[in-house]
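Overview (structure and organization)
Each chain is listed here by its residues.
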Amino acid sequence: LPLCVKRYGAPDARLSPFLHDMKTEAYGQEKFQIVGPAGMGLCLSEESKGLHIALLAGTGVLPFVDLYDLILQSALQAGQEQKDESCLPDELLKNFKVVTYVTFRSRKEALALDIMTNCETVCKQKGLETASDFHYFYSAEDKKRLTVGIVDQDPELFKRAEKIYVCGPTGFNESFVSKLGEISIPRKKVFLI
């Protein structure tokens, strides 16, 4: 499995500099065995419905790429009698909605932007609200960042959500969990991915 590791230059960054500075062996590659805990994932099932909100920063978008791609592929085949087995049922597409807020330093550094924009475009073309609501922030270009202030702009939206996913750097995650608690969102609805 090919693996790409972004090198972080922060003073406390340890893993990515370590991997980048390793001495390489034959063919310029190291072999690694990667094992990690299997987390709860996004806790979605075929019964999942209602509003879900994703608050993502940088590489925090990566756990959601498969979901956006699944929605995209399912939306492309929506209404067809014969669909790929992996596609979501049309009924689920109609009853499930994810609103995504995502922040990157720049468009150039944005990960999976093509999948997200295609997903949004196709859902809108098909009249599906499933994944038709993406909000992008580019701190270096637009001088806009995704902050907890987004919750203050529409607290009722966040209160209506079945689940709220937060995935980004530690400070980002902690600030959103705290802010969501301030507006009385039960912690069991907030998932740190």
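Up top you'll find the structure we're talking about.
I will try to describe carefully the structure that is included in this document. All of these numbers come straight from a predicted model, not from anything done at the bench. (Residues numbered from 1 in each chain as written. Predicted model: local features only at pLDDT ≥ 70, side-chain atom pairs only at ≥ 80, totals over all residues. Heavy atoms only, no water.)

Bringing the packing of aromatic side chains into the picture now. Taken as a whole and judged by the stated rule, the model has seven aromatic pairs. Each residue in the set Phe64, Tyr68, Phe134, Tyr136, Tyr165 and Phe191 is aromatic and connected to the rest through ring pairs, giving one cluster. (Phe/Tyr/Trp six-rings, centres within 6.5 Å; stacked < 30°, edge-to-face > 60°.)

The next subject is unusual backbone geometry. The backbone of alanine 112 sits at a positive phi, close to 60°, despite the residue not being glycine. Even without being a glycine, serine 184 presents a positive backbone phi close to 65°.

Let us look at the side chain of asparagine 173. Following the sequence through the fold, asparagine 173 ends up in helix H7 (residues 170–182). Take asparagine 173: its relative accessible area is 12%, and that puts it in the buried class. A distance of 2.9 Å separates the side chain of asparagine 173 from the backbone nitrogen of glycine 168, its partner in a polar contact. If near-sequence neighbours (up to four positions away) are discounted, asparagine 173 is found in contact with Val166, Cys167, Gly168 and Leu192. (Helix = DSSP H or I, 4+ residues; strand = E, 2+ residues; numbered from the N terminus. Buried < 20%, exposed > 50% of the residue type's maximum accessible area, 1.4 Å probe, protein only. Polar contact = N/O pair within 3.5 Å; in protein donor to acceptor, adjacent residues only side chain to side chain. Contact = heavy atoms within 4.5 Å.)

Using the criterion set out here, one finds six salt bridges in the structure. Here lysine 97 makes a salt bridge to glutamate 129, at a shortest N to O gap of 3.8 Å. On the criterion of sequence distance, the pair formed by lysine 97 in strand S2 (residues 96–104) and glutamate 129 in the loop between helix H4 (113–125) and strand S3 (133–138) is long-range, its members being 32 residues apart. Relative accessible area serves as the criterion here: at 22%, lysine 97 is assigned to the partly exposed category. Judged by its relative accessible area of 54%, glutamate 129 is exposed. With a shortest N-O distance of 3.6 Å, arginine 105 and glutamate 109 are connected by a salt bridge. Among the charged side chains, a network of salt bridges with common partners joins Asp152, Lys179 and Glu182. (Salt bridge = Lys/Arg side-chain N within 4 Å of Asp/Glu carboxyl O.)

Geometric descriptors of this kind do not, in isolation, establish any biological role.
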